[in-house]
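Read off the chains here:
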Amino acid sequence: MKSAAGVPAPRRIGGATALAGVIGWPVAHSRSPLMHNFWLAQYGIDGAYVPLPVRPGAFETAVRGLQAAGFRGTNVTIPHKEAAFRIVDRLDRSARRSGSVNTLVFASDGMIEGFSTDGEGFVANVQAHGIAVKDGRALLLGAGGAARAIAASLLDRGVAVVLANRTPARAEELARALREDAAPAVEVVAWDDMATVLSRCDMLVNTTSLGMEGGPPGDFPLDLAAADPALVVCDIVYVPRQTPLLRDAAAHGLRCVDGLGMLIHQARLGFCKWFGTDPVIGPEVEALLDADLRGQGR
Ligand SMILES: NC(=O)c1ccc[n+]([C@@H]2O[C@H](COP(=O)([O-])OP(=O)(O)OC[C@H]3O[C@@H](n4cnc5c(N)ncnc54)[C@H](OP(=O)(O)O)[C@@H]3O)[C@@H](O)[C@H]2O)c1
């Protein structure tokens, strides 16, 4: 739209504009602003969502300041998810089970509420691909923050989980935490032995940063040639969308689920809480993010 002077009309941000954002360090690469501002425009909501670069150590100061400045809440990404877990006043069950928080809501009673939406975002994305998430067994590669959230959501749906992590102590620690939370169906397998359990699994999920652009070099000690043709292979890395693991899985004719949909589904709860509308997750937002990733040669 053009103003009377022929220059583009400025986006109107006023006293009633609902504000939210994403706190991370670094945060410039985050696609969350693109996604949330797309939904705000789509639904004609008077709101804005901004990247908030906050250094480690400054997280709590920043959060209290944003709350005082009237923000509705924020997303939280690396490296602040555990710090967010520690400072919130109210934790929902998903956050308690994940030990981390990726969504903050500044409630009207002055309390800060914390949610973890990664696990449910993962499950919703797999389901959106027409794959049922119930019963069966998943081999989960990794034992970091995302692994914990995803494992908890899979266990909630009766899916048994086998953990394999480069650092075995972290996998054991995660298994212990999940079992204490009334989830006995957790096993651990050594990183180099992951191939030995694959034939017992219906799903393989990469939650490590292997395969991520700019991530660590290396490969999984896995030969998918021997996998059951019904195996579903999921990668939560979404830059690039088609990771080496997914390329290999596709080459062997296996069903694949990439990580972009998880990013979109995990964003839904925050948008709904801050802006009062539950966004419909349609092909437009996925196409927008996909084009943005491709625009940068990804
Ligand atoms: N799609 C989405 O919406 C979404 C959401 C959250 C995260 N993610 C992606 O998921 C990945 C993990 O995130 P996170 O928050 O869980 O990170 P994190 O807590 O730092 O965990 C990283 C995991 O990667 C493993 N790892 C790192 N380098 C490795 C290597 N060279 N070989 C084998 N394993 C290695 C680590 O193993 P050790 O314990 O041995 O170090 C650990 O299990 C990131 O790429 C992130 O971008 C995607």
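The residue numbering used here restarts from 1 in each chain and proceeds along that chain's sequence as written. Reporting of local features is limited, given that this is a predicted model, to residues whose pLDDT is at least 70; pairs of side-chain atoms are given and counted only at 80 or more, and all residues count toward the totals for whole chains, interfaces and linings. Remark: hydrogens and water are excluded; side-chain values derive from all non-hydrogen atoms of the structure.

We now examine unusual backbone geometry. Cis geometry is found at the peptide bond from Trp25 to Pro26, where omega equals 0 degrees. One non-glycine residue, Asp135, adopts positive backbone phi at about 55 degrees. Secondary structure elements follow DSSP: runs of H or I no shorter than four residues count as helices, runs of E no shorter than two count as strands, and numbering proceeds from the N terminus. If you trace the backbone, Asp135 turns up in the loop between helix 5 (118-128) and strand 7 (137-141).

The subject of this paragraph is the site of the ligand. For each residue, the test is whether any non-hydrogen atom lies within 4 Å of the molecule or strand; if one does, the residue is near. Neighbouring the ligand are 24 residues; Asn165, Arg166, Thr167, Arg170 and Ile236 lie closest to it. Within the side chain of Asn165, an N or O atom sits 2.7 Å from an oxygen atom of the ligand. Between the ligand and Arg166, the relevant distance is 2.8 Å, taken from an oxygen atom to a side-chain nitrogen or oxygen of the residue. Burial of the ligand by the surrounding chains reaches 82%, relative to a free accessible area of 920 Å². Within this scheme a cavity is a closed region of a 1 Å grid, computed over the protein atoms alone, that accommodates a 1.4 Å probe without allowing it to escape, whereas a pocket is open but has protein on both sides within 12 Å along at least five of seven lines; lining residues each have an atom within 4 Å of a point. Molecule-in-pocket calls rest on the fraction of atoms, with more than half required to lie within 2 Å of the cavity or pocket grid points. Judged by the proximity of its atoms to the pocket grid, the ligand belongs to the largest pocket. Of all the secondary-structure elements, those providing two or more residues to the shell around the ligand are helix 6 (145-156) and helix 9 (260-275). Polar contact is the term for a pair of N or O atoms within 3.5 Å; when the atoms are in protein, one must be able to donate a hydrogen and the other to accept it, and sequence-neighboring residues count only if both atoms are side-chain atoms. Each accessible area is a Shrake-Rupley result for a 1.4 Å probe, and residues are judged covered by the shown protein chains and nothing else.

Moving on, we come to the domain arrangement of the protein. The source of the domain bounds is an automatic or database domain assignment. Annotation of the protein at the domain level lists domain 1 (18-116) and domain 2 (119-260). Here the C-alpha centroids of domain 1 and domain 2 sit 26 Å apart. Two residues form a contact once any of their heavy atoms are found within 4.5 Å. Taken residue by residue, the interface counts 6 residues in domain 1 and 6 residues in domain 2. The term buried area means the drop in 1.4 Å probe accessible area that two parts suffer when joined, counted for both and summed. Regarding the contact of domain 1 and domain 2, the summed buried area is about 730 Å², with carbon and sulfur atoms giving 37% of it. On the domain 1 side of the interface with domain 2, the three residues burying the most area are Arg31, Arg97 and Ser98, jointly 68% of the side's total. The salt bridge definition used is simple: a Lys or Arg side-chain nitrogen within 4 Å of an Asp or Glu carboxyl oxygen. Taken together, the connections running from domain 1 to domain 2 amount to 2 salt bridges. Arg93 serves as the salt-bridge partner of Asp156, at 3.1 Å between the closest nitrogen and oxygen. Our enumeration of links across domain 1 and domain 2 arrives at 5 residue pairs in polar contact (both at pLDDT 80 or more). Amino acid classes used here: Ala, Val, Leu, Ile, Met, Phe, Trp, Tyr, Cys and Pro are nonpolar; Asp, Glu, Lys and Arg are charged; the rest, including Gly, are polar. Partitioned by chemical class, the residues of the side of domain 1 that touches domain 2 number no nonpolar, 3 polar and 3 charged.

Moving on to the environment of Pro221. Looking at where Pro221 falls in the secondary structure, it is placed in the loop between strand 10 (203-206) and strand 11 (232-235). Using a 1.4 Å probe on the protein chains alone, a residue whose accessible area is under 20% of its type maximum counts as buried, one over 50% counts as exposed, and one in between counts as partly exposed. Take Pro221: its relative accessible area is 28%, and that puts it in the partly exposed class. Each C-alpha atom, one on Pro221 and one on Ala195, is 7.1 Å from the other, the two residues being 26 residues apart in sequence.

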